[in-house]
Structure formats: C-alpha cells, structure tokens
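So the chains spell out like this:
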Amino acid sequence: MNYKMVLYLLGRILIIMAMLMCLPLSIALVQKEDPSLGFLVAIGVALVFGLIFGVKKPADTTLYAKEGVVVVGAGWLVTSILGALPFYIGSEIPSFVNAFFETVSGFTTTGASVVNNIEGMSHSALFWRSFTQWIGGMGVLVFVLAITPKSEKSQSIHIMRAESPGPQVGKLVSRMRNTARILYGIYISLTALEVVCLIMTGMPLFDSLLTSFSTAGTGGFSVKNASIAAYDSAVVDWIIALFMTLFGINFSLFYLILTGNILQALKSEELHWYLGIVSVAGLLIASNILPLYENFLEALRYAFFQVTSIMTTTGFITADYEQWPVFSQTILIILMFIGACAGSTGGGIKVSRLLILIKSSMRELRQQLRPRSVTAISLENKPVDARVVSGVMAYMSIYAFTFVIAQLLLSLDKFSYVTNLSAVITCINNIGPGLDAVGPVHNFYAYSTLSKVVLSITMLAGRLELMPIVLLFAPSTWRRR
C-alpha cells in the first residue's frame, strides 16, 4: 500500500472540496445567513488537512488497484463528513448523524432526507444540499481528475473504475484526464440546457438551477416540501422526466453522438433495453392508474414521470404512488432494483449488469441440454470477458449479503417490515423515497441513530458499487505488500 500517495490524493480532494464550498459560502454571505460560519469552518478544516497532505507530491506516485479502491472509499467517506459540517454547525440540521445522513444522501445521489421543513432552510444550505448531488452524480474523484493539471502516470483508471457505476469502465480517449473532462463537459452542457428549459416555463432561476443539479445527479433533492408536485405543471413534469431519462443513459453514447458516430450509439443494446423498460413500465402503470385520473394523457404524465424518476434512481415525486394500485407499486419496486445504464449518473443494479446475468443464466440452461456446447456471452455485439461475468456474479453476491445485513440491523428499529425493506432497497440502490413510513410523503427522520448510520453506509456502498466500501474496512487491504 502506497500510503503517501493515498494521503496525497485525499489532500487534493479536500482542497477541491474547500473550493467547491466557496459557492454556497458566497450565497450565505450575500444573504447574510447563519450557515456562513459552518461553511467557513468546513473550508478551514479542508484547507488545513488538504495543504498538509496534498501539496507535496510523493516521490513514488505508483497507484495500483488497491490504492485506487482505498482512495475512492476513503475519499467519499471524508467528503461526506466534511460536507455535513455546514448543516450541523449552521444549525440547519442540529444532529450530526442527521447532517451526515443528509450529506451522504446528497453525494451518493440517493435523495433520502431527514429534513422535515425543506422550504425553511436557508438559500445557502439548499444550494449545498442540491450541489452535493450534482458533484456526486458524475463522481467526486472524476471531478478531481477533470481539473487536475496532470494525471498520475495514467494510472487514474484505477480510481475511475472504482468510482464509476456499472460492470465495465474504460477510456473514451487515451488519457484519463481528458476522458474525465469530456464526461464533465457533457454533464455541464446537459445541466445548463435543463436550467434554460425550466426557466422558460416560468420556474424561478434558483429553483431551476437546484432542480437541474438534482436531475443531473439523478438525486432527487428538491427545494420544495412537496418535491416537483409543488409546481403542478405538466410542462415542468415532462421536461424533468425527459432529462432524467437522458441522465440515465451511458455517457459514452453521448460522446459517440458528439463525434459523429450516431448510428453506433443508437445500436446500443443496453440503450434499447433501458428505453424499452421505461416505455413498457410507463404504459402499464398509466393503464393501471387510469381510473384515478381524468384521461389517459394525464395518467401517462404521472406514470412516465414516476417510472423515469424511480428507474434512474432520481426520486423526484409528482404523485403519492402509495395511493396507486398494488400492480403499479410492484412495477416501481422492480424498477428500483434494475436502475439506469452503466456509465450514467443513475444507481441500481444497472441494465447492463442485468443483461449479463440473464444471458449467463440462459447459457447455463442451454449447457444443461448440450453439455459439450461452448457459448460466449456477448453484449453490444462484443464477447464479454470472463472476468467481467465473474465480477457481476461477485457483485450480486455481495449485494445480497449487504442487503440482508442492513435489513437485519434495521429490524431492531420500531418500523414495519415494509418500511424497513423499502428503506434498504431505496438506499442501496440510491433512489430516495420508499414505501410506508419512508414513502413519497414521508422521510427518514424518525429512524434511530443506529439505523441512520447503517443506511448511510448502505448508500455509500450502493453508490460505489459495493467493492470500495467493503474493501476499505477489510484488514487485508491495509497489509503491506
């Protein structure tokens, strides 16, 4: 383990976090809000430790997979603790555990909240709350790579692989720094486009900006207590639903489109399945909830919005889907597990991983009938490496184990089985709202301290595809070579 390099990179992360916090700090100072002290303290702490560890580069800059995993796991944990300080010190969220939960929910783009009166928060706190989702959507360390002057011997691929969602991560161009910049260029452009579209509907600039932050990060934090339902606008609903769908697509496809390879992008197998699932689920739910609405178009509006919100793991709300028929609720629960595309800002198991699981199962069934046959699994018209398949199987095993442990720990609390089950589902898949006591019109405030810590770790594990958080706490990770 190259400890000096790990500390150096963590120091760089803290310095950049201090820079990012200057944005909500400026809002707090202009508005003369109390949270300004919290941001000043957090910036001061970040700069002190950042300058101690992140100024002098170590002589040995070797960065292998182990170091990459540790940097990602520790980096997200440190930034979550640091990001909670403004909420806690500024008394926006008086309990540090609650502030930590809210910050983790932001950075992991989960959207599960413990705030009972969102509209009572200061402008700076609301900005920071949504901005954490925008930062976390593409990845905290991907942002660091994007603005770092020089990548470390091009070994930053280990960091990107440990942080990026999905079973396969590679370079768009030869240098990882340029890849990160391309991804963020697309990310910023789509966010800006949504801001403009929402402003054109008459939504205030502040609301448009923060809503776009949360949409881009597929996070779901809103500036309104009633979420997007507060605007009561069909145009707003369709615009946000469209952008949620876009941010749930693999960003490498946008790069292909920008470079003129439109047909290649449109041939994506994962894209076809993703859009197909969204379309079928939307139509099924719209038909099922039609008796609750005036006409099919209105039912489709609410159905499509909630389907895209849940499948992309954004978590915005325009309707209390607990009042919908059980059939519709069941479809939404299934979508919570599926999630968005690999390489997007969405959470969940991912469509590509699901396709690999299905094709692997089908191959095993065929081999039961023809034991001597040898069939390769393909995705996007390319054979899938055996290591990728085994990685998917390992992910699902750890996913199941983590799910069961979290469920057992939450069962110590006073809530119903449905509440605890949906809480784990929504946190490990980074969705936000669940069912029953954590449903679309409720939040996670009433959970005990232990449950909030468990759910916070579950959110981090889900966002980082489990491995970095699991390995961060494994003793073997910290043994010297």
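Being a predicted model, the structure only gives us computed values, none of them experimental.

**Description of helix α13 (residues 269-289)**
Between its terminal C-alpha atoms α13 stretches 30 Å, which fits the 30 Å expected from 21 residues at 1.5 Å a residue. Residues of α13 that are buried: Glu269, Glu270, Leu271, Tyr274, Ile277, Val278, Ala281, Gly282, Ile285, Ala286 and Ile289.

**A look at the confidence of the model for the chain**
For the chain, the mean per-residue pLDDT works out to 88, and 91% of the residues sit at or above 70. Here helix α7 (residues 157-163) stands out as the element of the chain with the lowest mean pLDDT, 53, in contrast to helix α14 (residues 296-311), whose mean of 97 is the highest.

**Digging into the side chain of Thr458**
Relative to the helices and strands, Thr458 is located in helix α19 (residues 449-463). Given the relative accessible area of 4%, Thr458 is considered buried. The contacts of Thr458, once residues within four sequence positions are left out, are Ala406, Val424, Cys427 and Ile428.

**Some details on empty space enclosed by the protein**
Gaps between atoms show up when a probe of the same size as a water molecule is rolled over them. Applying the stated criterion to the full structure yields two cavities of 30 Å³ or more. Its boundaries defined by the atoms lining it, the second largest cavity holds a volume of some 50 Å³. Gly346, Gly347, Lys350, Asn430 and Arg463 are the residues nearest the centre of the second largest cavity, which is lined by twelve residues in total. When grouped by side-chain class, the residues that make up the lining of the second largest cavity number one nonpolar, eight polar and three charged.

**Here's the deal with the packing of helix α3 (residues 65-89) against helix α4 (residues 96-107)**
For the pair α3 and α4, interaxial distance at closest approach is 8 Å and the crossing angle is 125 degrees. In terms of their interaxial angle, α3 and α4 are classed as oblique. The interaxial crossing formed by α3 with α4 has right-handed handedness. When α3 is examined against α4, the residues Trp76, Leu77, Thr79, Ser80, Ile81, Gly83, Ala84, Leu85, Phe87 and Tyr88 are found in contact with a partner set consisting of Phe96, Ala99, Phe100, Thr103, Val104 and Phe107. Across the contact of α3 with α4, the residue classes break down as twelve nonpolar, four polar and no charged.

**Quick notes on the packing of aromatic side chains**
Enumeration according to the criterion identifies 24 aromatic pairs in this entry. Taking 5.6 Å as the distance between ring centres and 80 degrees as the angle between the ring planes, the aromatic pair formed by Tyr88 and Phe96 counts as edge-to-face. Under the relative-accessibility criterion, Tyr88 is labelled partly exposed at 38%. Lys452 extends its terminal NZ or CZ atom over the ring of Tyr445, reaching a point 5.1 Å from the ring centre.

**Quick notes on the nonpolar core**
With 139 residues, the main nonpolar core has Trp128, Tyr274, Trp324, Leu335 and Phe444 as its most contacted residues. Ranked by the residues each element gives to this core, the list is headed by helix α1 (residues 3-31), at 13 residues. In this structure Phe444 touches Phe101, Ala112, Ser113, Val114, Ala423, Thr426, Cys427, Gly432, Val438, Lys452 and Leu455, once residues within four positions along its chain are discounted.

Thresholds applied
Residues numbered from 1 in each chain as written. Predicted model: local features only at pLDDT ≥ 70, side-chain atom pairs only at ≥ 80, totals over all residues. Heavy atoms only, no water. Helix = DSSP H or I, 4+ residues; strand = E, 2+ residues; numbered from the N terminus. Expected span 1.5 Å × (residues − 1). Buried < 20%, exposed > 50% of the residue type's maximum accessible area, 1.4 Å probe, protein only. pLDDT = per-residue confidence, 0-100. Contact = heavy atoms within 4.5 Å. 1 Å grid on protein atoms, 1.4 Å probe; cavity = no way out; pocket = protein on both sides within 12 Å on 5 of 7 lines; lining within 4 Å. Points joined across faces, edges and corners; volume = space filled by probe spheres on them. Nonpolar A, V, L, I, M, F, W, Y, C, P; charged D, E, K, R; others polar. Axes fitted to C-alpha atoms, helices over the stretch in contact; angles between N-to-C directions. Parallel < 35°, antiparallel > 145°, perpendicular 65-115°, else oblique. Left-handed = near helix turned anticlockwise from the far one by under 90°. Phe/Tyr/Trp six-rings, centres within 6.5 Å; stacked < 30°, edge-to-face > 60°. Lys NZ or Arg CZ within 6 Å of the ring centre and 35° of its normal. Core = buried A, V, L, I, M, F, W, Y, C linked by side-chain atoms within 4.5 Å.

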